Amino acid sequence: HAADAHRTDLMTITRFVLNEQSKYPESRGDFTILLNHIVLGCKFVCSSVNKAGLAKLIGLAGEINIQGEEQKKLDVLSNEVFIKALVSSGRTCILVSEEDEDAIIVEPSKRGRYCVVFDPLDGSSNIDCGVSIGTIFGIYMVKDDHEPTLADVLQPGKQMVAAGYCMYGSSCTLVLSTGKGVNGFTLDPSLGEFILTHPDIRIPKKGKIYSVNEGNAKNWDGPTAKYVENCKFPKDGSPSKSLRYIGSMVADVHRTLLYGGTFMYPADKKSPSGKLRALYEVFPMSFLMENAGGQAFTGKQRALDLVPTKIHDRSPIFLGSYDDIEEIKALYAAEGKKE
Ligand code: P6P
């Protein structure tokens, strides 16, 4: 039983990654050290998010706290914690955060070979109503010790060596891929360890759910409108799909990964590049989807092939079950032929 194994053969995320990394004789444990610092950040955010509601109740959040300082917003606090954890790992050379306009070049004495792009607390506007939110991260690796530049992170998502997210919901679940499949770990608060609970996650080849903000329907392009129409009024007599849209990317993507279907944030007339950010939202989730047997498409190309020009570039995204994304790609291809 998994439960028994959990009790006696604790497969923690650290042990799991060490096992994986030991397959590479040249690896010196640097990635495992980096990951452990990301995990530390996730544990901190998990405990802060769980208290956020309470903090609001007892008047801590957003007001003057006992030290007489302005209580920081949770996403600002989370950002600071991740930056400190990543820098102190001594394994990073450049960081890109959703919260910081400019990339952070790590001081030379603390530099390593990894570049981490992350959204410390995506969907944080949902905290007050208790909707699940999350941290999203992607990891690139530089080849040598040159002076870090933006070029090191303005790379297509397919160059990532790892990506993942941590969802802060009814439980704290960290989903990770290092390029060979996807595995999920759940925080056991009594141990303070992430335990392997979802080994080798594979997204269903086809799903019964579509996930998109229907409020943007008037601005959609033809193929998106057509695909959603087909979900609601299938032409082949199959049952209509269900709409599930939480409005928190990590929660919507986690459901899509486990249950199948599609998650979409399309381009539209108002936002021609969509809303979600390429480096630290679209790429990590696309990396996970492909590693779980799914697909990720921008409307024009494979999402992981996109080359960002600026660190906060946005990109449209259609991701999820392999067959469902094939349908969307066919609709865009047909549109392309008309033009
Ligand atoms: P909309 C949250 O603000 C977020 O960045 C993602 O987590 C989420 O998928 C998206 O925006 C929701 O955007 O426009 O549908 O409210």
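Residues numbered from 1 in each chain as written. Predicted model: local features only at pLDDT ≥ 70, side-chain atom pairs only at ≥ 80, totals over all residues. Heavy atoms only, no water.

Identification of the chain as Fructose-1,6-bisphosphatase, cytosolic from Gossypium stocksii is taken from an unreviewed UniProt entry.

Considerations on the pairing of strand S8 (residues 193-198)
Here strand S7 (residues 183-188) runs beside S8; their pairing, made up of five bridges, is antiparallel. Paired with Thr-186 across the two strands is Ile-195, which belongs to S8. In sequence, S7 turns back onto S8 through a hairpin of four residues, with Gly-192 there showing a positive phi of about 70°. (Pairing = 2+ DSSP bridges. Helix = DSSP H or I, 4+ residues; strand = E, 2+ residues; numbered from the N terminus.)

Digging into the nonpolar core
Membership of the largest hydrophobic core comes to 43 residues, with the highest contact counts inside it found for Tyr-165, Phe-283 and Met-285. Residue assignment for this core shows that the elements contributing at least two residues are strand S1 (92-97), strand S3 (111-122), strand S4 (133-141), strand S5 (162-168), helix H6 (249-259), strand S11 (262-265), helix H7 (278-291) and strand S13 (317-320). Broken down by element, the residue count for this core peaks at nine residues, all from H7. Once residues within four sequence positions are removed from consideration, Met-285 is found in contact with Ile-136, Tyr-165, Met-249, Val-250, Val-253 and Leu-319. (Core = buried A, V, L, I, M, F, W, Y, C linked by side-chain atoms within 4.5 Å. Buried < 20%, exposed > 50% of the residue type's maximum accessible area, 1.4 Å probe, protein only. Contact = heavy atoms within 4.5 Å.)

Describing the packing of aromatic side chains
Note on aromatic pairs: each is described by the distance of the centres and the angle between the planes. Overall, the coordinates contain seven aromatic pairs when judged by the stated rule. Arranged with centres 6.5 Å apart and planes meeting at 5°, the rings of Tyr-245 and Phe-263 form a pair that is stacked. Of this pair, Tyr-245 sits in the loop between strand S10 (242-243) and H6 while Phe-263 sits in strand S11, placing them 18 residues apart in sequence. Summarising the aromatic geometry, the rings of Phe-297 and Tyr-332 are spaced 5.9 Å apart at their centres and angled 65° between planes, so their arrangement reads as edge-to-face. Of the two residues, Phe-297 sits in strand S12 (residues 295-297) while Tyr-332 sits in helix H8 (residues 322-338), which places them 35 residues apart along the sequence. (Phe/Tyr/Trp six-rings, centres within 6.5 Å; stacked < 30°, edge-to-face > 60°.)

Some words on the site of the ligand
Around the ligand, a shell composed of Asp-122, Gly-123, Asn-213, Tyr-245, Gly-247, Ser-248, Met-249, Phe-263, Tyr-265, Lys-275 and Glu-281 is seen. A distance of 2.8 Å separates an oxygen atom of the ligand from a polar atom in the backbone of Met-249. Burial of the ligand by the protein chains amounts to 79% of its free accessible area of 400 Å². By residue class, the composition of the shell around the ligand is four nonpolar, four polar and three charged. (Near = heavy atom within 4 Å. Polar contact = N/O pair within 3.5 Å; in protein donor to acceptor, adjacent residues only side chain to side chain. Areas by Shrake-Rupley, 256 points an atom, 1.4 Å probe, with all protein chains shown as cover. Nonpolar A, V, L, I, M, F, W, Y, C, P; charged D, E, K, R; others polar.)

Focus on the pairing of strand S6 (residues 172-177)
The element S6 is extensively covered by neighbouring structure, given that six of its six residues are classed as buried. Pairing of S5 with S6, which is carried by six bridges, proceeds in the antiparallel orientation. What sits directly across from Met-167, in S6, is Thr-173. In this antiparallel pair of consecutive strands, S5 and S6, the connection spans three residues. Summarising the sheet, S6 and S7 pair through four bridges and their orientation is antiparallel. In the sheet register, Thr-173 faces S7, and the bridge partner there is Thr-186. Count of turn residues in the S6/S7 antiparallel hairpin: five residues, of which Gly-179 carries a positive phi of about 100°.

Digging into H6
Because each turn of an α-helix spans 3.6 residues, side chains separated by three or four positions end up pointing in the same direction. Among the 11 residues in H6, nine count as buried, and that is most of the element. For H6, the full list of buried residues reads Met-249, Val-250, Ala-251, Asp-252, Val-253, His-254, Arg-255, Thr-256 and Leu-257. Gly-260 lies just past H6 and shows a positive phi near 95°.

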